[in-house]
Every structure is written in structure tokens, then in C-alpha cells.
Amino acid sequence: MSATTTDSPLAIDFCGLHFANPLVLLSGCVGFGEEYTRVEGFSNRDAGAICLKGTTLEPRLGNQPHRVYETPDGMLNSIGLQNPGVGIVVDEILPTLDFSETRFIANVSGSTVEEYEQVTRRFDNSPIDAIEINISCPNVKQGGVAFGNDPQMSARVVEACRRATNKPLITKLSPNQTDIAANAKHCIEAGSDAFSVINTLMGMAIDIESRRPIIGNNQGGLSGPAIKPVALLKVHQVYQVCKAHGIPIIGQGGVNSAEDALEFIIAGATAVGVGTALFYDPLICHKINSGIAAYLGKHKLQSIMQLTGSLRLNEPPKAHCGC
Amino acid sequence: MENKPHRDTIFSEQAQILSHQACAGEQYILRVAAPKCAANALPGSFAHIKVAPALLLRRPISIMRTSATEGWVEFLYKAVGEGTRLLATRQPGEMLDMLGPIGTAFKFESGRSRPLLIGGGVGMPPMIFAAQQLRGNDLFKPLAILGSEVPFPFRPRPSRILIPAMPDGVIACMPLLDDWGIPCRLASQQGYAGCYQGFVTDLARDWLNTLDREQLNQVEIFACGPHPMLAAVAMLAAELDLPCQVSLEEYMACGVGGCAGCVVPVKTGATSQAMKRVCVDGPVFDARQVFF
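Predicted model only: the values in this text are computed from it and were never measured. (Residues numbered from 1 in each chain as written. Chains lettered and ligands numbered in written order. Predicted model: local features only at pLDDT ≥ 70, side-chain atom pairs only at ≥ 80, totals over all residues. Heavy atoms only, no water.)

### Some points on the overall build of chain B
Here comes step 1: On a plain count of helices and strands, chain B comes out with eight helices and 17 strands.
Here comes step 2: A globule of 292 residues ought to have a C-alpha radius of gyration of about 19 Å, and chain B, at 19 Å, matches this closely.
Here comes step 3: Viewed in the frame of its principal axes, chain B has a C-alpha envelope of about 50 × 45 × 35 Å.
Here comes step 4: When burial is assessed residue by residue, chain B has 59% of its 292 residues classed as buried.
Here comes step 5: The contacts in chain B between residues at least 6 apart in sequence include a share of 64% that link residues at least 24 apart.
Here comes step 6: Within the structure as shown, chain B displays about 12,100 Å² of accessible surface, and the carbon and sulfur contribution to it stands at 51%. (Helix = DSSP H or I, 4+ residues; strand = E, 2+ residues; numbered from the N terminus. Rg over C-alpha atoms; globule rule 2.2 N^0.38 Å. Buried < 20%, exposed > 50% of the residue type's maximum accessible area, 1.4 Å probe, protein only. Contact = heavy atoms within 4.5 Å. Areas by Shrake-Rupley, 256 points an atom, 1.4 Å probe, with all protein chains shown as cover.)

### A short note on the sheet that holds strand β5 (residues 68–71) of chain A
Within a sheet, neighbouring strands are paired by backbone hydrogen bonds and run either parallel or antiparallel to one another.
All names here are of chain A.
Here comes step 1: In spatial order, the strands read β5-β6-β14-β11; together these four strands make up an open sheet with antiparallel pairing. One side of each edge strand has no neighbouring strand; the edge strands of this open sheet are β5 and β11 (201–203). Across the sheet, the mean angle separating the axes of adjacent strands is 35° when strand polarity is ignored.
Here comes step 2: Here four bridges tie β5 to strand β6 (residues 74–77), and the two strands are oriented antiparallel to one another. Across the sheet, the residue bridging to Val 68 is Asn 77, located in β6. (Pairing = 2+ DSSP bridges. Axes fitted to C-alpha atoms, helices over the stretch in contact; angles between N-to-C directions.)

### Notes on the environment of B:Met166
Residues and elements named next belong to chain B.
Here comes step 1: Within the secondary structure, Met 166 is located in the loop between β9 (157–158) and β10 (172–173).
Here comes step 2: Along the sequence, Met 166 and Ala 204 sit 38 residues apart, while their C-alpha atoms lie 9.6 Å from each other.
Here comes step 3: Apart from residues lying up to four places away in sequence, Met 166 is in contact with Leu 143, Arg 185, Leu 203 and Trp 207.

### Some remarks on the pattern of salt bridges
Here comes step 1: This structure, assessed with the given rule, holds 27 salt bridges over all chains.
Here comes step 2: The salt bridge partner of B:Asp281 is B:Arg277, with a shortest N-O separation of 3.1 Å.
Here comes step 3: You can call B:Asp281 partly exposed: its relative accessible area is 27%.
Here comes step 4: What emerges from the salt-bridge pattern is a single network uniting A:Glu34, A:Glu101, B:Lys4 and B:Arg7. (Salt bridge = Lys/Arg side-chain N within 4 Å of Asp/Glu carboxyl O.)

### Notes on helix α3 (residues 124–134) of chain B
Residues and elements named next belong to chain B.
Here comes step 1: The buried fraction of α3 is high, at ten of eleven residues.
Here comes step 2: For α3, the complete set of buried residues consists of Met 124, Pro 125, Pro 126, Met 127, Ile 128, Phe 129, Ala 130, Ala 131, Gln 132 and Leu 134.
Here comes step 3: For α3, the secondary structure elements touched by its buried residues are β4 (59–67), β5 (72–78), β7 (114–120), β8 (143–147), α4 (175–180) and β13 (219–224).

### Structural notes on the nonpolar core
Here comes step 1: One finds A:Phe123, A:Phe195, B:Leu116, B:Leu208 and B:Ile221 to be the most contacted residues of the largest nonpolar core, which totals 150 residues.
Here comes step 2: In this view, B:Ile221 contacts B:Leu116, B:Ile118, B:Leu208, B:Val233, B:Ala237, B:Leu242, B:Pro243, B:Cys244 and B:Gln245; residues no more than four positions away in its chain are not counted. (Core = buried A, V, L, I, M, F, W, Y, C linked by side-chain atoms within 4.5 Å.)

### Things to note about the interface of chain A and chain B
Here comes step 1: Listed per partner, the contact involves 39 residues of chain A and 34 residues of chain B.
Here comes step 2: Roughly 3,100 Å² is buried in total at the junction of chain A and chain B, and carbon and sulfur atoms are behind 58% of that figure.
Here comes step 3: For the chain A face of the interface with chain B, the top three residues by lost area are A:Arg38, A:Glu40 and A:Glu70, together amounting to 25%.
Here comes step 4: In this structure, the connection of chain A to chain B is made through six salt bridges. (Buried area = accessible area lost by both parts, 1.4 Å probe.)

### What about the side chain of A:Asn289?
Residue and element names in this part refer to chain A.
Here comes step 1: By secondary structure assignment, the location of Asn 289 is in helix α9 (residues 284–298).
Here comes step 2: Asn 289 gets classed as buried once you look at its relative accessible area, which sits at 10%.
Here comes step 3: Within polar-contact distance, the side chain of Asn 289 engages the backbone oxygen of Asp 46 at 3.1 Å.
Here comes step 4: Beyond its immediate stretch of four places on either side in the chain, Asn 289 contacts Leu 10, Asn 21, Pro 22, Leu 23 and Asp 46. (Polar contact = N/O pair within 3.5 Å; in protein donor to acceptor, adjacent residues only side chain to side chain.)

### Some words on the packing of helix α7 (residues 258–267) of chain A against α9(A)
Residue and element names in this part refer to chain A.
Here comes step 1: At a closest axis distance of 8 Å, the pairing of α7 and α9 adopts a crossing angle of 60°. Between α7 and α9 lies a crossing whose hand is right-handed. Between α7 and α9, the contacting residues are Ala 258, Ala 261, Leu 262 and Ile 266 on the first element and Lys 287, Ile 288, Gly 291, Ile 292 and Tyr 295 on the second.
Here comes step 2: In the contact of α7 with α9, the residues fall into seven nonpolar, one polar and one charged. (Left-handed = near helix turned anticlockwise from the far one by under 90°. Nonpolar A, V, L, I, M, F, W, Y, C, P; charged D, E, K, R; others polar.)

### Digging into the pairing of strand β1 (residues 11–23) of chain B
Residues and elements named next belong to chain B.
Here comes step 1: Bridging between β1 and strand β6 (residues 95–102) involves six bridges; their strand directions are antiparallel. Across the sheet, the residue bridging to Phe 11 is Gly 100, located in β6.
Here comes step 2: Where β1 and strand β2 (residues 27–33) come together, seven bridges link them in antiparallel fashion. Within the sheet, the bridge partner assigned to Ala 22 lies in β2 and is Tyr 28.
Here comes step 3: What sits between the antiparallel neighbours β1 and β2 is a turn of three residues, in which Gly 25 has the positive phi angle 70°.

### As for the sheet that holds β1(B)
Residues and elements named next belong to chain B.
Here comes step 1: One closed barrel accounts for six strands, arranged β1-β2-β5-β4-β3-β6; its pairing is antiparallel. Here the average twist between neighbouring strands, direction ignored, is 45°.
Here comes step 2: Against the sheet, α3 makes contact with β4 and β5, and its axis sits at roughly 25° relative to β4, the strand it touches most.

### So, the domain arrangement of chain B
Residues and elements named next belong to chain B.
Here comes step 1: Domain boundaries in chain B define domain 1 (11–102), domain 2 (114–247) and domain 3 (250–292).
Here comes step 2: One C-alpha centre belongs to domain 1, the other to domain 2, and the line joining them spans 25 Å.
Here comes step 3: If you look at the interface, domain 1 gives 17 residues, while domain 2 gives 15 residues.
Here comes step 4: Seen at the junction of domain 1 and domain 2, the total is zero salt bridges. (Domains from an automatic or database assignment.)

Shown next as C-alpha cells:
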């Protein structure tokens, strides 16, 4: 579909891909694309794109239970990249997906730079629409956030994946790093076409009776409304690097309503990720999309894309302090 | 929908609370109007309930029985954590946001005619639901053994159904099951009148030991309860070479298979394992696959 096709105010262009609306169902929240269709009233068409579960070269069992735990206004998870391996994903799962319903994005992970490249190459030769590079998973010992927190290593992973595909490459950035904008700059130079901002924040919960962490892997990634302010700031920071290059961002972290989604878009996101919110409201995409449409109507905006990065920062006081 | 039979099998309903009865031991019997769930639930199914606005995640609650014709679903749960404690505060007339039914069901397909239903504590509901399904079916001669270490969430009474080879004095039953014609006995270590003094597995073993091999070949065990109880049931089943299905629980987030948060290790071969989701790959599993 043409990059310029925007048939509704909600439609966006994302790296030349047409998304029917700005919502992206996030990796790790929706399995391999069919899980939520179990719920009557849910349709894959409700999302502009669906990002599949993190995929490695070989199958992975993932981490021991417990893997999830509710925390104030959020939750911890430590799944550990459980997946059947890229061969099964490409040969057996992708053929079952209906690519007329939405865009499907692969999520690539690995323990080594070479593994990232190999998995990307396998997806390059598949109908997948785009590839997200997960250099921010907090729940694996090698790769993941260990790569994502090191700008040089992040760039090496992106470079390797870039060699393996011409499909749009989205780099998923971690909030667990000192300077996310500097990292984004390295990734752009290495060939990243877009960013997902942010992955989960690392956290812990403790059972005070047993004095053990509740999560089997001891620590996990915090998601949900609790992290939204952190995510918004990170999107704003990464957007400062991206805007000159026209590089789009999938803003994500605690999106729970149309208002949340609009905040992310105003901060600099082109698309908005929905993850944890699906767990408590599987039909939330309808509500977010209709809320965004109402906002566009109210503000007489022709397209959601007009709103991206429209944040007007407060000016510092001009007068000198008189104290 | 072609080749996608899983689609549209879980229903989102605003379920009005019809009754909510507090029982001893912080146990509650909750009945809600949820016609789609009621029409589609099977023994083993659960509903994923948004218990209160204050909590983000839903809570999975086992279904105890349903009426498809009247459109209600009934649960028995114990207030053990923040979620179930908040659920306990909800009043008749209020609405609960509910997803269901979810999960695999107990399968009565092995050709064995004597299902032995073993339920412990808040593991009783799926067994009661199984009894409801088996009720009036001449192909099966079920026996239910229910255990609790807090007062039962019903008033036990002497059974009207004679069960050969039951230990002397073990006569108490769950009235509902008795009324359905399902033989039932109760076990507890609390010395409740008419109950077997001991674990459900001890009573099950006593009864199974009275059967000859031909009769044992007709037995299949179905169980739900605390993990140590299920481990003991699985061991008993393995010892007597009986097929056994167990229903598990685990912390859960999405409840529809999307997050892989609720997995349990499952044996898939002599040396191989997989992580299976309790929500949609279970909650019912072959005991030999999960206790090894």
C-alpha cells in the first residue's frame, strides 16, 4: 500500500507501511497474533499492527514460575523469551496469520549479535511486515538489556540486523539506561528505521514471609500505568533525536485510554503501543481509537499524524529570582 | 473463521451479581448472570474477573456450576489475597466485568465408567461442576470425595446413597451432590461429624483398595485442590496405574494465552519439557505430565 495512503483520520504511515490506526499490540502481550481473537468482540483489525512474541534462533523454555505478579498500578513479568524458535515461527505460525487483517511485526532477540542477525535474516524471507529488534528484554541473562544498555553494542546489533534485511527495522529501547537519546542516535546511524520506546523497567516484589522474591527469576519487568510518566519522558527525549531524520516512534508504557495515547503522540510518537491494558480490558482498542477520533474531531485535525511531536514545552521564567 | 475454531470462544460480559453468600472460613459462593459463559462453560473452565476498579489485573476463579437455561454461573472461592478479599466486598446487584469461559475441560472420554472426583478446599468447584455434568448419565458411576480443613461451605448431612466399602461412620455428604444422585463423601482432619478423619487421598486409597483389578480398570481420577494434594493424588494414581486429570492454578495476567505468564513445566517426552499455559493449554492437565 502506498506510503501516502491515509484513508481515515486514524490511519498512519509507519516506515512506508499503512497502519489503519496508530495502535500497536505489543510484543509479549499477544502471543503469536491469534491469542486475543479467542475473545468475542476482539478483532486483529482493531490494531494498526501486532507485534509478535520475542523470537530466538532456537526454541527457549523461558523462565520458571511465578512469571507475573500485580504491583500498585502495574505488574511485574519475567517470561524469559519463551518461544518455539524462528524456524517454527516462520514455517508454521506465520502461514496461519491473516495478513489482510493487520500488519504483523516480528520481534527478534538473541544471546549474541550473530543470533540477532540470523533470526532477522530468517524473518526477511517471510511475509512479516517489519522487524523489531529487542535489545531491551530485562529477563534474560545474555543479550536483551545487556546489549541495549551499551550504545556501542546496541549499534552493533542494529548494524548486523540491517545487513540481514531491507524490511523496516524498529529498535526497542530500554528505559534502564543513562542516556536513551544518545543510544537512539547510535542506532539511527547503524540503520534503525524506527524505535519502540520503552520496554519495561526492572523491578522486584518480595514475599515477606518466605523472604524470597515472588518472581521465579527474582526480578522482572514493570509495566502498566505506573510507568507511563517515565515512558512519556523517554519518548519526548528520543523524539528530539528522531524528528530531524523523520524516524517514527512507537510510544508505549502504561497506555490505558485515548488520553494516554494522545499524550504519547503529542510527546513524539507516531504509533502507540498497547500491552498490559489488554490484560484487563481485551476490547480496549475500540475505546482508544474512538476516543482519539473524537479528539481529532473536536480539534479539527484531519489526521492523527498532525499531532505527532506537537508538544509545546513550558518556558523557564524570564525574570531573575528576587530572593 | 475457517481453520480458526479458537476465535470468539471467550465472552466478555457485564455480569450482575445475583447472590453472594459468605460462608465460614472466608469462603464465598457467588452467583452472577452471565448467559454466554453459562451456555459454554464445562467442568474445569474458569472465568477471569475484574474484581474491583482498585486492582489492575483480573483474577481467575473456577466455575462451580452453571444454569444454561437460567443464564447464571456460580463460583466458590476463598478470600486469600487482595483480589479475592476485594471480590468478597461486592454486593448483589453490582456488575462484574467477566471473561469466560476459559480453559480446557476435564474429559470423560477414556471409556472408564467410574470417575473418582477428588476436590480439596477451593479445588472443590470443578469437581462439583463435573458432578453436575455426570448427573443422570447412566454410562457413569461417579464417586466424589471432597475435603476441607475449614468448615465446608455447605451444611454436610448424612448421605442417602450407600457406598459399598466406605469406612464405618463416613456418612457425611454434600447435600447438592446427594440430591443429584452423585455418591459423595467428605474428608477432613478437623473431626467434623460423619467425615473421614484424614486426607482425601487417604479416603480415596481406602476405597480404591476394596476394588478388584477389573473394577480398578474402570476408574479414572479427576482432581483439583492445593498443589501438595494434587501431588499426592498423582502419586496414588501412578501407584495404581490409573489415568488421572488434574486442574492447576498459577498467577495469571491475560488469561487468554497472550502473555505466557501462567505457565507450568510439562513433561513432553522421556527427557523433554515444555512450558504450558495454565489459562488456555490447561487448567486441566494429565497428572503424569505435570507431576514427574
